[in-house]
There are 2 protein chains.
Amino acid sequence: MEEAAGGQQAPGRRLAGRVLLYSSLILNAVLLARHHFFLLGAGGDDGNGGSSCRLSWALQAAREAESVAAVDCSGHGRVFLDGVAGEDGRPWCECNTCFSGPDCSLRTPNCTADADSGDPLFLEPYWRRHAAAGAVVFSGWHRMSYFTTDAFFQSVELENQIRQLHRAVGNAVVDGKHLVFGTGSFQLINALVYALSPDAGDATSPPARVVATAPYYPAYKLQTAMFDGWEYEWGGTTLDWANASRNSSVDGGDFIEFVTSPNNPDTQIRKAVLGGSMAVFDHAYYWPHFAPIPSPADEDIMLFTMTKLSGHAGSRFGWAFIRDDKVAKRTYEYVQSNIMGASRDTQLRMLGIIKVMLANLHGEDDIFAFGHDVMRSRWRRLNAVVSRWSRRISLQKIPPQYCTYFKRIREPSPAYAWVKCEREEDEDCHEALLKGNIISREGGRYGASSRYTRMSLLKTDDDFDVLLERIADLVNAEKYEAPGSSSI
Amino acid sequence: MEEAAGGQQAPGRRLAGRVLLYSSLILNAVLLARHHFFLLGAGGDDGNGGSSCRLSWALQAAREAESVAAVDCSGHGRVFLDGVAGEDGRPWCECNTCFSGPDCSLRTPNCTADADSGDPLFLEPYWRRHAAAGAVVFSGWHRMSYFTTDAFFQSVELENQIRQLHRAVGNAVVDGKHLVFGTGSFQLINALVYALSPDAGDATSPPARVVATAPYYPAYKLQTAMFDGWEYEWGGTTLDWANASRNSSVDGGDFIEFVTSPNNPDTQIRKAVLGGSMAVFDHAYYWPHFAPIPSPADEDIMLFTMTKLSGHAGSRFGWAFIRDDKVAKRTYEYVQSNIMGASRDTQLRMLGIIKVMLANLHGEDDIFAFGHDVMRSRWRRLNAVVSRWSRRISLQKIPPQYCTYFKRIREPSPAYAWVKCEREEDEDCHEALLKGNIISREGGRYGASSRYTRMSLLKTDDDFDVLLERIADLVNAEKYEAPGSSSI
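What counts, and where the lines are drawn
Residues numbered from 1 in each chain as written. Chains lettered and ligands numbered in written order. Predicted model: local features only at pLDDT ≥ 70, side-chain atom pairs only at ≥ 80, totals over all residues. Heavy atoms only, no water. UniProt positions renumbered as here; feature names shortened; annotations may be inferred. Helix = DSSP H or I, 4+ residues; strand = E, 2+ residues; numbered from the N terminus. Buried < 20%, exposed > 50% of the residue type's maximum accessible area, 1.4 Å probe, protein only. Contact = heavy atoms within 4.5 Å. Axes fitted to C-alpha atoms, helices over the stretch in contact; angles between N-to-C directions. Parallel < 35°, antiparallel > 145°, perpendicular 65-115°, else oblique. Left-handed = near helix turned anticlockwise from the far one by under 90°. Nonpolar A, V, L, I, M, F, W, Y, C, P; charged D, E, K, R; others polar. Core = buried A, V, L, I, M, F, W, Y, C linked by side-chain atoms within 4.5 Å.

- We quote the UniProt Cofactor (unreviewed entry) comment for chain A here in full: "pyridoxal 5'-phosphate".

### With respect to the environment of Phe153 of chain B
Residues and elements named next belong to chain B.
Point 1. Relative to the elements of secondary structure, Phe153 occurs in the loop between strand E6 (136-138) and helix H5 (156-169).
Point 2. On the basis of relative accessible area, Phe153 is assigned to the buried category, the value being 6%.
Point 3. Along the chain, Phe153 and Gln347 lie 194 residues apart, while their C-alpha atoms are 9.8 Å from each other.
Point 4. Beyond its immediate stretch of four places on either side in the chain, Phe153 contacts Tyr146, Thr148, Tyr332, Gln336, Met340, Gly341, Ala342, Arg344 and Gln347.

### Thoughts on the packing of helix H7 (residues 219-227) of chain A against helix H9 (residues 325-339) of chain B
A pair of packed helices can be characterised by two numbers: the angle between their axes and the separation between those axes.
Point 1. Viewed as axis vectors pointing N to C, H7 of chain A and H9 of chain B meet at an angle of 130 degrees, and their least axial separation amounts to 10 Å. Classed by the angle they form, the pair H7 of chain A and H9 of chain B counts as oblique. Seen along the crossing, H7 of chain A lies across H9 of chain B with a hand that is left-handed. Across from Gln223, Met226 and Phe227 of chain A in H7 of chain A, the residues of H9 of chain B making contact are Glu333, Tyr334, Ser337 and Asn338 of chain B.
Point 2. Taken together, the residues that form the contact of H7 of chain A with H9 of chain B break down as three nonpolar, three polar and one charged.

### Details of the nonpolar core
Taken as a class, soluble globular proteins show a tendency for nonpolar side chains to be buried jointly.
Point 1. Counting 176 residues, the largest nonpolar core has Trp319 and Leu382 of chain A together with Trp319 and Leu382 of chain B as its most contacted members.
Point 2. Within the second largest apolar cluster, 78 residues are counted, among which are Ile301 and Met340 of chain A together with Tyr232 and Trp234 of chain B.

### Brief notes about the packing of helix H6 (residues 184-196) of chain B against helix H7 (residues 219-227) of chain B
Residue and element names in this part refer to chain B.
Point 1. Where H6 contacts H7, the axes come no closer than 10 Å and their chain directions differ by 55 degrees. Here H6 is positioned oblique relative to H7, judged by the angle of their axes. The element H6 and its partner H7 pack so that their crossing is right-handed. Facing Phe186, Gln187, Ile189, Asn190 and Val193 of H6, the residues of H7 in contact are Ala219, Tyr220, Gln223, Thr224 and Phe227.

### Observations regarding the UniProt feature "domain: Alliinase EGF-like" (unreviewed entry) in chain A
Point 1. UniProt records the feature "domain: Alliinase EGF-like" (unreviewed entry) for residues 56-111 of chain A in the present numbering.
Point 2. Secondary structure across residues 56-111 of chain A comprises 20% helix and 14% strand; the distance between its end C-alpha atoms is 48 Å.

Right, here's the structure in full:
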């Protein structure tokens, strides 16, 4: 019976056993295949990093960078590898202004809006979105030497990429011009003043006068005054010299005129006033996210900076295009004698950043399209609050204009609001805004009237939102002061 | 029968079937477990990168860095991520001097030895050996802001690590002193000259005189002459002022004395000659791989640089310890007005490099033990060739001395050979060596006699080997000229 029973039940058991066996074997086959696949790393990156990466020395550093980047700061801050370590020995969240707490989730009530510096953090989200493309890995032995691929201090590949970017964007004619790197275009201001001034040996010639048309970027005056010497000195605004001859001052000293176009603070397009041969054109903002590009700039000396292009202010990298051989040589010599060339670490990082921007031009990940969208919407929202109600402050007027890069009329998207206080009693506009808990930058620092002040619009979204709140408070207060105005 | 047969064979079959089934199930369990293990990445790095790394955005950049680093340059060159791209679009090998070819395997016959620059590539092999620890990964959004953890331009964590390193090495007293970063200590030379000079506003006081004792590092003179102004000027060697009062020159102008100790070029330990209150001590070479550390330096103003510490000349990073509040503030202001602070990219990379050095102090991977071994053996080999035979050139004498870091008498391991040409006709030692296909740096540039010239000993092994060959040629030529000498 048992046998018979066994005999009778055997086919079912055997069937079940075989099914189980075969499925088990199949599962093994799958797992073995997949395991083999992993070891080969042929799977590539499956997005969640499940695949093997076949990394050796770079793995540890990559994990550290990702683990730090993964810390949650509530969207109001970020953790950096070199952040100050907390009690647990790990770097903590560095919060945006008006946010605090371990994860930056606490919003400071009635926080003062800081619209002072031109910190270009509006582009930070772009680089977070393109994390893989924007990352770069340094080996411990990367470019230890003083000398790089131009046999001195500048990366030839970076030079090529910078020239390519200008050609592709169409904002500058770069052929037939020397390219000199600096630790920010900031350093190149004084380097060019040095290069354009009479030779130190030439005691006969009076010092060159460094001038600009108000309102002007304060650094021209500050640097020139700080580093002044036998060769050059700050000469004030071009207005003071309007009656002087075009190329030399009353006592024969040459002029070095800084022309910022589009202008900081008021975003106006500028031309040289006292003659072009000694003019330095600062085109920090001549990129499609801030301004229309009617045609490529082609002046003899042009300054650009990564700070306002990609948003990497902390990297301290800028460059000058210089047509004249001797001026270029002297500018390069200044950078050499001052710092022996811009950090090679930064040069490698900037190379990667520029390659990402180039690869995405006119695509859906175009950094200029992204930047223009952000800044245009901020300008719209600011104008909506200010223009409609306020008789207290006014903003500069910027007409829409055709842009050869976007191939269409583009709406204004300035980096700064140049604010004028309209009330007679608000002679010091900076002070008036400060009473409203808004930190701006005094017009006086730009050689302009104190009725004007600059508000930075290119910081984080949090900064801009708080700024808009404070301005709304001012406007509402104004309405309560004069209720009738609300019915206008 | 079948049944019976089946009945008879069934146990064997069932047994085999079960064995197969169970082993298959066990294999399932193992593979599933292992697969799960992989997905968790708990396997860690198995050395060849076989395990999963759970990387996402950093993976691509890490792979690129490793693939570039893996290119074979025959041990006589290296490929960098930002190297000039060859026809295949990939960066090619950058070869050491006297080597060429796609993989740097071709040795240039009778190659001229370049012993000119102080390029500290003798430390490159150290960082190749510690590839994992020395690597750092930058996210695209790392420190985009102008502002870092000191609320301005300097990383607080980097400050802490630098102070820790000095304490651990025992080469400087860092407490009670401000720390100011620069783009190389090179930039801080002029920054300190500015900070120690009379205020620009103070027209009554004569310019400060910048002086040094010959032979001195040429940059002090070059920078001061290039950037001179109302506030300071190059004053020549201290010898010219030996009879002047200790703290002010004949016309009352103050002295700013640069004291390089150990000295470049001759590695002598130096003290201030014209009084200490305005002395800047350049301790670029005051680290155990170059010099004994008898006790921690504790001057009011001390300069250090990563270039000669870790070998990262290309990163352009140095620092100054400054006791006086006002001097520190003015130095910081100079760096701020000149470049808005050293590259944050470099600050992150240097933080990692310093952490590696700190973690390995006194261990088998101690960078100072490594560096001292290399430089000591070079000095031995050089002396063996020069001292024994040559009556034509001589080297500076350096006695062995006790080092508090190594806790023993250490043999000399200078960064440079300060060569004197002994023959009457060799008045220009640099020229004499050049005839022997050796490029050195003229003694005249150090304010010394042309009978002296500097040979750099801290470049690559290839550079040093070629240098030794050329010197051997000189010595042999000398022997043939005066055979008797070989029997001495």
